[in-house]
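Descriptive analysis of the structure
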2 protein chains.
Amino acid sequence: MKNIIEFKKKPTILATFTIGGPKESCGPMGKYIHKKLDCDKFGESSFEKAERKMLTYTVEQLIKHCKFQQEDIDAVISGDLLNQIISASFMARNFDIPYLGVYNACSTMSESLIIGGCLVDAGYYKRVVCATGSHFSTAERQYRFPLEFGSTRPPQSQWTVTGAGGCVISNEFDKDLPKLALACVGKVIDFGVTDANNMGSAMAPAAMDTLFRLFKSTNTTPKDYDLIVTGDLGAFGSRVLKKILLDKGYDISSNHVDCGELIYNIKEDDFQGGSGAGCSAVVFNSYIYQLLKEKKLKKIIFMATGALLSTTSCQQGDSIPGIAHAVVVES
Amino acid sequence: MKNIIEFKKKPTILATFTIGGPKESCGPMGKYIHKKLDCDKFGESSFEKAERKMLTYTVEQLIKHCKFQQEDIDAVISGDLLNQIISASFMARNFDIPYLGVYNACSTMSESLIIGGCLVDAGYYKRVVCATGSHFSTAERQYRFPLEFGSTRPPQSQWTVTGAGGCVISNEFDKDLPKLALACVGKVIDFGVTDANNMGSAMAPAAMDTLFRLFKSTNTTPKDYDLIVTGDLGAFGSRVLKKILLDKGYDISSNHVDCGELIYNIKEDDFQGGSGAGCSAVVFNSYIYQLLKEKKLKKIIFMATGALLSTTSCQQGDSIPGIAHAVVVES
């Protein structure tokens, strides 16, 4: 089994764009988010339509920012958390561009980067857009309770990010822009966590497995990377990851950050941080990309993490499998 | 924009496996289906668990049939129709193999073949498994009505296939086995159909668009292919496709078949044929693959078709976007 996908030509991340809801825009990532929303309905009649509009706006702005036309993009690779990934599919309806729908829950951003990276690196396509997003209010009412119910959130819970983020992956070489160097596709790992409010714990074993295989296969250690960025393990999940990875011999305590921890001013007694497909998409494509572009980071691991549950699987008594896809990005 | 992905090394479809429910096993495809179920619960406590067991069994048998171990497979690419593609994710939980979750509704089989084909053709991976499935009873109660309700089905409706199918895509050359030659990734096309019981009509425009771009970009005509196999347009949707493609100058009336029409002994006043991610997966990986292997077919287009709706999008008044991904397979 091959653990590592090596991008021989190192496709360039030509541009990124992010959009954040009011809560996200007021947080620590606010100054890096490209478009800040005053209202999380974004002028639409439902939260679901607002979610797809955020994704659509992201793709539009990516094309515009690069001064491209739609025909300059060979494919859009996208997914989201809603049933049947309708946000991504309805976004793609607005463009005359081929579309590949992907879903690995909150790890969809790095999954799309891996597939997009391969398609460009191998020369099948010149440029692809990878984008994903989520919305607190659509996720909350789909996965948990009606919003009007005002349910109490347990201390181990996370807050689904309202936001979207995406990037253009291109075969155009630009020495000043960040590049995809290699990738490690995640396995589905399930340690038997059944608490749908404790997704950090459910995802941490998968995150550990992917990092372990990446370090082992590339003969590297955590010190070889300026930063190891996980998706949305949250404060508690991050602690679990650090502990179980240390048991395997790798110490990431000095250079690990989690997008879920970065995006909000976390009050520990309130919640564990952000989550959702939009969480890693917003933080990676704004703050992390900016640091890479400014060469403040030279080599990082970006690994979005996903909890592969559904309301049906929870109601039928299943535990929550996790997955984590990693990409190594170099500036 | 690049319409065509050309597989330079033409990856081999090393093996296929299919499993069918009782209704499917009694139909015209029965003699080609590898594993026929007597009971659509497959020994499980719920239809959802039966669906994931069919997918798991398919992947297990593919590995076994090729005399491989799990470590000989570099990735599993899979998706299904359930919310959050839980059948695919829980299937992948049973294997120690990296997993990419994909979703384009009933066109997921050809989508997975395209992504898997690229990963193998470009040399990132040696062998991948592409598999998908569906189940009448899980789809019916998720998308439409509780099964106990016994709702009347309108004449334009289709019957979701209970079954799963998959194949091993490999870089091993074998002149006697079918190969992936090229692919055309679909665009999301929406002609405004809002009847969730008439998915053939919703998908036909997307099928037309993909075939049109494939013929145009490869400078071929329908006559250059022994068979043009669509996924689950059904009887009515197939008629719509033939009509609107003829308007564009391409006549596929003499060599078009639809997996949805092939799988059941269709009574036209009853329903329009099969549908679901398992429909094209079962027919392609049993009957069509067999004909290719026997060289009774030399060059075909396999194009699974998908309707990108969800109950939420329907309830919020959205129309049904369609998509169709095509692969050209040569014997």
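Use the structure listed above.
Summarised in this report is the structure supplied together with it.

**A word on the pairing of strand β6 (residues 127–134) of chain B**
All names here are of chain B. Across the 8 residues of β6, 8 count as buried, placing the element largely inside the fold. Here β6 shows no split at all, with R127, V129, A131 and G133 on one side and V128, C130, T132 and S134 on the other all buried. Relative to β6, strand β4 (residues 75–80) runs parallel, the two sharing 6 bridges. By the bridge assignment for β6, S78 is matched with A131.

**A few points about the relation of the copies chain B and chain A**
Mapping chain B onto chain A leaves a residual RMSD of 0.0 Å; the transformation is a rotation of 180° accompanied by 0.0 Å of translation along its axis. Put plainly, the chains are arranged around a two-fold axis. No C-alpha of chain B approaches the rotation axis more nearly than that of B:V102, which lies at 2.1 Å. When the interface residues of chain B are mapped onto chain A, 100% of them again fall at the interface, so both copies present the same face.

**Looking at the packing of aromatic side chains**
Counting across every chain of the model gives 24 aromatic pairs over all chains. Ring geometry for A:F136 versus A:W159: centroids 4.0 Å apart, planes at 5°, classification stacked. Taken together, the residues A:F136 in helix α5 (residues 136–144) and A:W159 in strand β7 (residues 159–160) connect sequence positions 23 residues apart. The exposure class of A:F136 is buried, given its relative accessible area of 14%. Between B:W159 and B:F271, the ring centres sit 5.8 Å apart and the planes meet at 40°, which makes this aromatic pair tilted. A residue pair is termed long-range when its members are at least 10 positions apart, and B:W159 in strand β7 (residues 159–160) and B:F271 in the loop between α8 (259–262) and β12 (274–275) qualify at 112 residues. Take B:F271: its relative accessible area is 5%, and that puts it in the buried class. Members of the aromatic cluster, connected to one another through ring pairs, are A:F136, A:W159, A:Y264 and A:F271. A cation over a ring is seen here: A:K23 above A:W159, with NZ or CZ 4.5 Å from the ring centre. Positioned above the aromatic ring of B:F212, the side-chain terminus of B:K248 is 4.7 Å from the ring centre.

**Here we look at a positive patch on the surface**
Together, A:K2, A:K8, B:K9 and B:K126 line one region of the surface with positive charge. Tracing the sequence through the fold places A:K8 in the loop between β1 (5–6) and β2 (12–20). Residue class for A:K8 comes out exposed when judged on its relative accessible area of 61%.

**Concerning the nonpolar core**
Core analysis: the biggest nonpolar cluster contains 176 residues, and A:I5, A:I300, A:F302, B:I5, B:I300 and B:F302 have the highest contact counts within it. Dropping the residues within four chain positions of it, B:I300 is found in contact with B:Y225, B:L227, B:V229, B:F284, B:I288, B:L292, B:V327, B:V328 and B:V329. Ranked by size, the runner-up nonpolar core spans 31 residues in total, among them A:A202, A:I244, A:I252 and A:A326.

**Observations concerning the interface of chain B and chain A**
Counting residues at the interface gives 61 residues for chain B, matched by 61 residues for chain A. For the chain B and chain A pair, buried surface summed over both sides reaches about 5,100 Å², with 55% attributable to carbon and sulfur atoms. Contact with chain A buries surface across chain B, with B:M1, B:Q84 and B:Y124 losing the most and accounting together for 16% of the total. Inspection of the region where chain B meets chain A yields 6 salt bridges. Here B:K187 and A:D96 are joined by a salt bridge, their closest N and O atoms 2.9 Å apart. Joining chain B to chain A, the criterion identifies 42 residue pairs in polar contact (both at pLDDT 80 or more). When contributions to the side of chain B that touches chain A are tallied by element, the ones reaching two or more residues are β1 (5–6), α2 (47–65), α3 (86–93), β5 (99–101), α4 (108–121), α5 (136–143), α10 (311–315) and β14 (322–330) of chain B.

Thresholds applied
- Residues numbered from 1 in each chain as written.
- Chains lettered and ligands numbered in written order.
- Predicted model: local features only at pLDDT ≥ 70, side-chain atom pairs only at ≥ 80, totals over all residues.
- Heavy atoms only, no water.
- Buried < 20%, exposed > 50% of the residue type's maximum accessible area, 1.4 Å probe, protein only.
- Helix = DSSP H or I, 4+ residues; strand = E, 2+ residues; numbered from the N terminus.
- Pairing = 2+ DSSP bridges.
- Least-squares fit on C-alpha atoms with pLDDT ≥ 70 in both.
- Contact = heavy atoms within 4.5 Å.
- Phe/Tyr/Trp six-rings, centres within 6.5 Å; stacked < 30°, edge-to-face > 60°.
- Lys NZ or Arg CZ within 6 Å of the ring centre and 35° of its normal.
- Patch = residues over 30% accessible without salt bridge, like charges linked within 9 Å, V, L, I, M, F, W, Y side chains within 5 Å.
- Areas by Shrake-Rupley, 256 points an atom, 1.4 Å probe, with all protein chains shown as cover.
- Salt bridge = Lys/Arg side-chain N within 4 Å of Asp/Glu carboxyl O.
- Lys, Arg positive; Asp, Glu negative; His and termini not counted.
- Charge placed at Lys NZ, Arg CZ, Asp CG, Glu CD.
- Core = buried A, V, L, I, M, F, W, Y, C linked by side-chain atoms within 4.5 Å.
- Buried area = accessible area lost by both parts, 1.4 Å probe.
- Polar contact = N/O pair within 3.5 Å; in protein donor to acceptor, adjacent residues only side chain to side chain.

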